Amino acid sequence: MSVYKLVCPACGHRMRIRNSEGQTPVFRSMYAQCMHLPCGATFSGSLTWDYALSPSGMEKPLVVLPVAPAIQRMQARRDLREKTDQLDLLDAAEASA
Ligand SMILES: [Zn+2]
């Protein structure tokens, strides 16, 4: 499993989240401190979840977010396209972007 590492906007070294508060299921306030001793800057910011890429498996999820526009475009293109056995390189490139 990979873990996203926060990067200090002042010096580019690792930061540690000191505290975070969930304001809503999709919005969280965060407080972070740079772990690079000569820097030591602290910041406040937020984390938001904006779109769903795939639906929750829960029967009654706490929130239902709109599907990401890029996913909707890809689905529409797939639905409109004629059936073909050829691998679509564009789809693969977009999915990994
Ligand atoms: Zn720093």
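Residues numbered from 1 in each chain as written. Predicted model: local features only at pLDDT ≥ 70, side-chain atom pairs only at ≥ 80, totals over all residues. Heavy atoms only, no water.

**Quick look at the overall build of the protein chain**
Step number 1: Scanning the protein chain from terminus to terminus reveals two helices and three strands.
Step number 2: Going residue by residue from the N terminus, the α and β elements of the protein chain occur as β-β-β-α-α.
Step number 3: Every one of the 97 residues in the protein chain was classed for burial, and the buried ones make up 11%.
Step number 4: Long-range pairs, those at least 24 residues apart, make up 13% of the contacts in the protein chain with a sequence separation of at least 6.
Step number 5: Element-wise, carbon and sulfur atoms account for 57% of the exposed surface of the protein chain, whose accessible area totals about 8,400 Å². (Helix = DSSP H or I, 4+ residues; strand = E, 2+ residues; numbered from the N terminus. Buried < 20%, exposed > 50% of the residue type's maximum accessible area, 1.4 Å probe, protein only. Contact = heavy atoms within 4.5 Å. Areas by Shrake-Rupley, 256 points an atom, 1.4 Å probe, with all protein chains shown as cover.)

**Comments concerning the layout of surface pockets**
The probe, sized like a water molecule, is rolled over the atoms to show the empty space still left.
Step number 1: Size it by volume and the largest pocket reaches roughly 270 Å³.
Step number 2: Lining the largest pocket are 13 residues, with Ala52, Ser56, Val63, Val64 and Leu65 sitting closest to its centre.
Step number 3: Taken together, the residues of the lining of the largest pocket sort by class into eleven nonpolar, two polar and no charged. (1 Å grid on protein atoms, 1.4 Å probe; cavity = no way out; pocket = protein on both sides within 12 Å on 5 of 7 lines; lining within 4 Å. Points joined across faces, edges and corners; volume = space filled by probe spheres on them. Nonpolar A, V, L, I, M, F, W, Y, C, P; charged D, E, K, R; others polar.)

**Some remarks on the sheet that holds strand 1 (residues 15-24)**
Step number 1: One open sheet holds the three strands; their spatial order is 1-2-3, and the pairing between them is antiparallel. Taken across any chain shown, the strands that pair with only one partner, and hence form the sheet edges, are strand 1 and strand 3 (42-48). For this sheet, the mean inter-axis angle between neighbouring strands, taken without regard to orientation, is 20 degrees.
Step number 2: Relative to strand 2 (residues 27-34), strand 1 is paired through eight bridges, and the arrangement is antiparallel. For Arg16, the partnering residue across the bridge sits in strand 2 and is Gln33. (Pairing = 2+ DSSP bridges. Axes fitted to C-alpha atoms, helices over the stretch in contact; angles between N-to-C directions.)

**Overview of the coordination of the zinc ion**
Step number 1: The protein atoms donating to the zinc ion are Cys8 (SG), Cys11 (SG), Cys34 (SG) and Cys39 (SG), with metal-donor distances spanning 2.3 to 2.4 Å.
Step number 2: Each of the four donor atoms around the zinc ion contributes to a set of angles spanning 99 to 114 degrees, which defines the coordination as tetrahedral.
Step number 3: Each donor residue of the zinc ion lies on the same chain, and together they follow the pattern C-x2-C-x22-C-x4-C. (Donors = N, O, S within 2.8 Å, 3.2 Å for Na, K, Ca; no water. Tetrahedral: all angles 85-135°; square planar, octahedral: opposite > 155°, others 65-115°.)

**A short note on the environment of Pro38**
Step number 1: Looking at where Pro38 falls in the secondary structure, it is placed in the loop between strand 2 and strand 3.
Step number 2: Judged by relative accessible area, which is 71%, Pro38 ranks as exposed.
Step number 3: Each C-alpha atom of the pair Pro38 and Cys11 lies 9.5 Å from the other, and the pair is 27 residues apart in sequence.

**Let's talk about the environment of Cys39**
Step number 1: Checked against the element boundaries, Cys39 lands in the loop between strand 2 and strand 3.
Step number 2: Residue classification places Cys39 among the partly exposed positions, given a relative accessible area of 29%.
Step number 3: In this structure, the C-alpha to C-alpha distance between Cys39 and Ala10, residues 29 residues apart in sequence, is 7.8 Å.

**Some remarks on the UniProt feature "domain: Zinc finger Ogr/Delta-type" (unreviewed entry) in the protein chain**
Step number 1: Per the UniProt record, "domain: Zinc finger Ogr/Delta-type" (unreviewed entry) is found at residues 8-46.
Step number 2: With 0% helix and 59% strand, the stretch residues 8-46 has end C-alpha atoms that lie 14 Å from each other. (UniProt positions renumbered as here; feature names shortened; annotations may be inferred.)

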